[in-house]
Amino acid sequence: MNFVKWPFGQGTGTQHSGVETIQKLCDRVASATLLEDRRDAVRALKSLSKKYRLEVGSQALEHLIRILQTDSADSEILGYALDTIYNIICSDEEEEQDESEEDMQKQEDDVGAQFTEKFLQDPENITLLLTMLEEFDFHVRWPAVKLLTALLKNQCAQVQGIILVSPMGVSRLMDLLADSREVIRNDGLLLLQQLTKSNAAIQKIVAFENAFERLLDIITEEGSSDGGIVVEDCLLLLLNLLKNNSSNQNFFKEGSYIQRMKPWFEVGDDNAGWSAQKVTNLHYMLQLVRVLVSPVNSPGAAASCQKAMFQCGLLQQLCTILMATGVPADILTETINTVSEVIRGSQVNQDYFASVNAPSNPPRPAIVVLLMSMVNERQPFVLRCAVLYCFQCFLYKNQKGQGEIVATLLPSTIDANSISAGQLLCGGLFSADSLSNWCAAVALAHALQDNLTQKEQLLRVQLATSLGKPPVSLLQQCTNILSQGDKISRRGSKVQTRVGLLMLLCTWINNCPIAVTHFLHNQENVPFLTAQISENLGEDERLVQGLCALLLGICIYYNDNSLENYTKDKLKQLIEKRIGKENFVEKLGFITKHELYSRAGQKPQPIFSTPEHMLFDHEFTKLVKELEGMITKAVHKSSEEEKKEEEVKKTLEQHDSIVTQYKELIREQDAQINELKVQVANMTSQSEQMQSTMTQQLTQIQQHKDQYNILKLKLGKTGDQSSSQVDGAHVNGLQSEELSQLREELEELRRQHAQQQTQLAEQDTLIASLKSEAAPSTQAAEGPSDNAELIKELEALRAQVASQAADINQLQTERQELLRRVETVQSSPASADSGVDTAKVAELEKQLSAQSTDTQKLQEEVKGLKASRASMEGDLASATSTAAILQAEVGKLQQEVQESKKEQDDLLMLLADQDQKILTLKQKLKDLGETIEDEDDLDSKDQSEDDDDEEEEEDDE
């Protein structure tokens, strides 16, 4: 081991000696059998790795990787190996500071990237590092974190891919945030920052590993905005997780983490002496809020976050910072931008912002205070841009706010004792500062955006120009500044001022014929516009020419021909004579060809490097896209073509109204058919219920049959007992009194038998009639087999009743035979002489009495069966009647459906005629050179879909 301590001299052999030493150390690492020898050799390589980075990396990297694989049980040698690989891959910071910038770049590209690529040739090396992160030993875990961070910096995408497919790879990295040692936790934050860059899949995994909860806890523990660099790292990681990741944004909102952001902005009253770290932390916190409500997010997601921010009081807290004193300028600017996007498009948040007052005496609305900063040329440029953006967001899709701003300009609402937003805008519009002119013009244009009512109201605004002169309208004053040469040279000579005024005028008169009439009423406006367009000016004036062409084109397109001197035709003739149609269209195209046009159309926020670049507004670029093609077509059309087009439009409108009426009629009929279908379904359900009821009745009939069979068996036993009793009476004889009683009972039985015969005859007649009635009914009803089965059951029951009556007749016959024998005994002299055994006669009387009781019970049971049969026959009649009613209803519905189909066929014939007429008119338009839109094709597609639906309904029926 003596070679480890060799000194490296200052001579020419120093480099050679170092290479030899590294070679010997590598051999030692590869061949030593003792762990201590390998550990000492790796420690020596670590000490040489910073000075001889290239040599150590080229010779020892493979050996060091093998150490990581084989000596994982020894934490000390693992720590040395990890530190050595880290020094090879990541250059020393102090060394980089001494080198030139070119050498630093070369070091990073040629050395660090080279060894990183070599290390990543085997993806298992990254898996090995992830496994080492589970080691709690500080000397292993911390170097592994630093090494993995360096690898991510050099080859981010490749390392991300390996970690993404590694089982529990992201979870092991998330465990670093829970480490009690701050240095590991802090470096873990840096590692996760690198890991989550530009990888949505890893961002989602990290978020669902409870990253939001842990990061917010760390920010709170570190003191929120007053915390140190750790808070900044947490905020940067949160920005990585949330920016351009809608899934994580929704998860952040649903997890109620927005509410936990409110304490970040609770700054004290004493705002003096803000530290640089606090300013940085608040800057990132405000950016985090903006990420959640950015206009580039989906409207639904941004709106839900805006609602949550208002409900938890975050917007109120931001407005407090907005109106506080002593806040640094960059924080105030970023706060204004943040409040802008929190209220943009949210009516509730916009209403709250309108109610915010500055803590002044007397209190002034926050909007007024901000506008004062916007039109003040001494304020910073970025602050003025932020205020303009805030005002635009306040008016975005906010017709109520637009009306309130315009109302401050109307004569009836002007308050001479206070400064209003309208007064500030007018003051900025006509001030000597061109930037104030542009900002005020754009702000006022947003107060008129897509609001016809306010465009007409603003025509009422009157301005007092000077003493002794009558007031002029705001529209007149704007056009005067543009058209009068002396005022242009004094106030509006700068391109920025004229561009702002022209954008305001274009927005104002767009889609407002009354404003167009007011503008054309000034005899100087049209000559000024034509002169500006026809001149050949320099590059700087081309944009003004294009805007003048746009303004004149709007006057043509939305002209209601109320002024004889400036009708559509006369303006077109003027363009053709003074400018030329092709030249006019070319000048109109100067707007979209300007280099700043596309930049302004990218984002709603006005971001400009210098005040001179403030020429276009984001919403105005949308207006230009909408109007350019329309104006070009309008200029090229002749008066005859316009008349024909108007006639065709009227005809198409009439046809469209007819088609619409037919469509409504068809929809009504479809609704009626659907109602009838529902009724049929209800009746089908009722029929099914009736079938269920009949099934229950059949079950009851079966029960009655079983009861009847039991009674029949009992009746047979009673008849046998009666025969034995008769025989005993014949042998022993009876007394005369008892014989008279038997005669009476016999007569009673005969009478009852006659009644039963009559009832049986009536029942036979009823069953025959039921048969005749049920035969056609069963054919019409949906369940004929069930009714026929019920009739068969009734016939079987009738046969059983007849059998029972036969048994009763047999019993009566046996009684008559018994009575005859008794009479024979009484008339015999031998019997009279010998006498009658009294005891046997008594016994015979008892048996006859029992027989009479049984017969009476049997008759009662027969009556019960008859009543049950009558009830079943009534149910059968009811079911048959209901089935007949249902069949009649079904027939009626089918007839109505047939009538509806016939009406629809007639309507389709009418629609076909109308379509043919429309196609003829379209062909005429195409022959005239007009472009026909495909709205009618959509209608015909709808009609074909309706026809397909009707065919499907017919198939279903």
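Residues numbered from 1 in each chain as written. Predicted model: local features only at pLDDT ≥ 70, side-chain atom pairs only at ≥ 80, totals over all residues. Heavy atoms only, no water.

1. As for the overall build of the protein
- The number of helices and strands found in the protein is 43 helices and 4 strands.
- Going through the 957 residues of the protein one by one, you find that 47% of them count as buried.
- A fraction of 74% describes how many contacts in the protein between residues 6 or more apart in sequence connect residues 24 or more apart.
- Summing over all exposed atoms, the protein offers an accessible surface of approximately 47700 Å²; the carbon and sulfur share of this is 49%. (Helix = DSSP H or I, 4+ residues; strand = E, 2+ residues; numbered from the N terminus. Buried < 20%, exposed > 50% of the residue type's maximum accessible area, 1.4 Å probe, protein only. Contact = heavy atoms within 4.5 Å. Areas by Shrake-Rupley, 256 points an atom, 1.4 Å probe, with all protein chains shown as cover.)

2. Notes on the packing of aromatic side chains
- Scanning all chains against the criterion turns up 12 aromatic pairs.
- Relative to Phe608, the ring of Trp438 lies with its centre 6.1 Å away and its plane at 85 degrees, an arrangement referred to as edge-to-face. On the criterion of sequence distance, the pair formed by Trp438 in helix H25 (residues 434–448) and Phe608 in the loop between helix H36 (595–600) and helix H37 (618–636) is long-range, its members being 170 residues apart. For the pair Trp438 and Phe608, a shared accessibility class is recorded, and that class is buried.
- An angle of 85 degrees between the planes, with centres 5.5 Å apart, marks the rings of Tyr597 and Phe616 as edge-to-face. Taken together, the residues Tyr597 in helix H36 and Phe616 in the loop between H36 and H37 connect sequence positions 19 residues apart.
- Look at Tyr597 and you get buried, because its relative accessible area is 7%.
- Geometry around Phe136 places Arg181 over its ring, the cationic atom sitting 3.9 Å from the centre. (Phe/Tyr/Trp six-rings, centres within 6.5 Å; stacked < 30°, edge-to-face > 60°. Lys NZ or Arg CZ within 6 Å of the ring centre and 35° of its normal.)

3. What about the nonpolar core?
- Counting residues in hydrophobic clusters, the biggest one holds 210 residues, and the most contacted among them are Ile126 and Leu474.
- Ranked by residue count, the leading element in this core is helix H22 (residues 381–395), at 12 residues.
- Residues within four places of Leu474 in sequence aside, it is in contact with Cys426, Leu429, Phe430, Leu444, Leu458, Val461, Leu463 and Trp508. (Core = buried A, V, L, I, M, F, W, Y, C linked by side-chain atoms within 4.5 Å.)

4. Let's talk about a negative patch on the surface
- Side chains of Glu899, Glu903, Asp905 and Asp906 sit close together on the surface and give a patch of like negative charge.
- Using a relative accessible area of 44% as the deciding quantity, one classes Glu899 as partly exposed. (Patch = residues over 30% accessible without salt bridge, like charges linked within 9 Å, V, L, I, M, F, W, Y side chains within 5 Å. Salt bridge = Lys/Arg side-chain N within 4 Å of Asp/Glu carboxyl O. Lys, Arg positive; Asp, Glu negative; His and termini not counted. Charge placed at Lys NZ, Arg CZ, Asp CG, Glu CD.)

5. Section: unusual backbone geometry
- If you check the backbone angles, Asp450 has positive phi at about 55 degrees while not being a glycine.
- Among the secondary structure elements, Asp450 is positioned in the loop between H25 and helix H26 (452–458).
- Of the residues examined, Asp450 reaches a relative accessible area of 65% and is grouped as exposed.
- Even without being a glycine, Asn511 presents a positive backbone phi close to 60 degrees.
- In this structure, Asn511 sits in the loop between helix H29 (495–509) and helix H30 (513–521).
- A residue is classified by how much of its surface remains accessible, and Asn511, at 46% relative accessible area, is partly exposed.

6. Remarks on the state of the cysteines
- Tallied over the full model, the rule gives 0 disulfides.
- Between Cys390, a free cysteine, and Cys393, which holds the nearest cysteine sulfur, the sulfur-to-sulfur gap is 6.9 Å.
- A relative accessible area of 1% means that Cys390 is categorised as buried. (Disulfide = S-S within 2.5 Å.)

7. Quick look at the side chain of Gln249
- Tracing the backbone through its elements, the reader meets Gln249 in helix H15 (residues 246–254).
- The residues contacting Gln249, other than those within four sequence positions of it, are Leu242, Asn244, Val291, Leu292 and Asn297.

8. Remarks on the pattern of salt bridges
- On inspection of all chains with the given rule, the structure shows 20 salt bridges.
- Salt-bridge contacts for Arg290 lead to Glu334; the nearest nitrogen and oxygen are separated by 3.1 Å. Here Glu334 lies in helix H19 (residues 329–343) and Arg290 lies in helix H16 (residues 276–292), a separation of 44 residues in the sequence.
- Measuring nitrogen to oxygen at the nearest pair gives 2.9 Å for the salt bridge that ties Arg290 to Glu341. Taken together, the residues Arg290 in helix H16 and Glu341 in helix H19 connect sequence positions 51 residues apart. Per residue, the accessibility class of Arg290 equals that of Glu341, and both read buried.
- Each of Arg39, Asp74 and Glu76 takes part in salt bridges that share partners, so that together they form one network.

9. Here we look at the environment of Tyr86
- Along the chain, Tyr86 turns up in helix H4 (residues 75–89).
- Under the relative-accessibility criterion, Tyr86 is labelled partly exposed at 21%.
- The spatial distance from the C-alpha of Tyr86 to the C-alpha of Lys50 is 9.7 Å, given a sequence separation of 36 residues.
- Excluding residues that lie within four positions of it along the chain, Tyr86 makes contacts with Lys146, Leu147 and Ala150.

10. A look at a nonpolar patch on the surface
- A contiguous nonpolar surface patch, about 250 Å² in accessible area, is contributed by Leu164, Val165 and Ile205.
- On the secondary structure map, Leu164 appears in helix H9 (residues 156–165).

11. Section: the side chain of Asp74
- Turning to its location among the elements, Asp74 is positioned in the loop between helix H3 (53–70) and H4.
- With a relative accessible area of 16%, Asp74 lands in the buried category.
- Leave out the neighbours within four places in its chain, and Asp74 touches Leu35 and Arg39.

12. As for the confidence of the model for the protein
- This prediction gives the protein a mean pLDDT of 80; 73% of its residues lie at or above 70.
- Across residues 94–99, confidence stays below pLDDT 50; counting only partners more than four residues off in sequence or on other chains, it has 4 contacts.
- For the stretch residues 726–735, pLDDT sits under 50, and the model shows 25 contacts to residues farther than four places along the chain or on other chains. (pLDDT = per-residue confidence, 0-100.)

13. Quick look at the environment of Ala354
- Along the chain, Ala354 falls in helix H20 (residues 347–355).
- Looking at Ala354, the relative accessible area reads 28%, which means it is partly exposed.
- Along the primary structure Ala354 and Ile367 are separated by 13 residues, whereas in three dimensions their C-alpha atoms are 6.9 Å apart.
- Not counting residues up to four positions away in its chain, the partners in contact with Ala354 are Ile367, Phe394 and Glu404.

14. As for H3
- Compared with an ideal rise of 1.5 Å per residue, which puts 18 residues at 26 Å, H3 spans 24 Å between its outermost C-alpha atoms and is within 8% of the ideal.
- Remark: the principal bend of H3, roughly 60 degrees, maps to Ala60.
- Within the span of H3, buried status applies to Arg53, Glu55, Val56, Gly57, Ala60, Leu61, His63, Leu64, Ile65, Ile67 and Leu68. (Expected span 1.5 Å × (residues − 1). Bend = angle between axes of the 7 residues up to and from the residue.)

15. A short note on the packing of helix H18 (residues 314–323) against H19
- At a closest axis distance of 9 Å, the pairing of H18 and H19 adopts a crossing angle of 145 degrees. Crossing geometry of H18 relative to H19 is assigned as left-handed. Mapping the contact onto sequence places Leu315, Leu318, Cys319, Ile321 and Leu322 in H18 and Leu332, Thr335, Ile336, Thr338, Val339, Val342 and Ile343 in H19.
- Of the residues in the contact of H18 with H19, the class split is 10 nonpolar, 2 polar and no charged. (Axes fitted to C-alpha atoms, helices over the stretch in contact; angles between N-to-C directions. Left-handed = near helix turned anticlockwise from the far one by under 90°. Nonpolar A, V, L, I, M, F, W, Y, C, P; charged D, E, K, R; others polar.)

16. Some remarks on the environment of Lys24
- Take Lys24: it is sitting in helix H1 (residues 14–31).
- Considering only alpha carbons, one finds Lys24 and Ala41, 17 residues apart in sequence, at a separation of 9.0 Å.

17. Considerations on the packing of helix H23 (residues 399–407) against H25
- The contact between H23 and H25 brings their axes to 8 Å, and the two run at 125 degrees. With respect to H25, the axis of H23 lies oblique. Once H23 is placed against H25, the crossing between them reads as left-handed. Between H23, through Gln402, Ile405 and Val406, and H25, the contact on the second element is made entirely by His446, Ala447 and Leu448.
- Here the residues of the contact of H23 with H25 are counted per class, giving 4 nonpolar, 2 polar and no charged. (Parallel < 35°, antiparallel > 145°, perpendicular 65-115°, else oblique.)

18. Some details on H25
- Relative to the 21 Å expected for 15 residues at 1.5 Å per residue, H25 spans 21 Å between its end C-alpha atoms, a close match to the ideal helical length.
- Taken across its 15 residues, H25 has 15 buried, putting it largely inside the fold.

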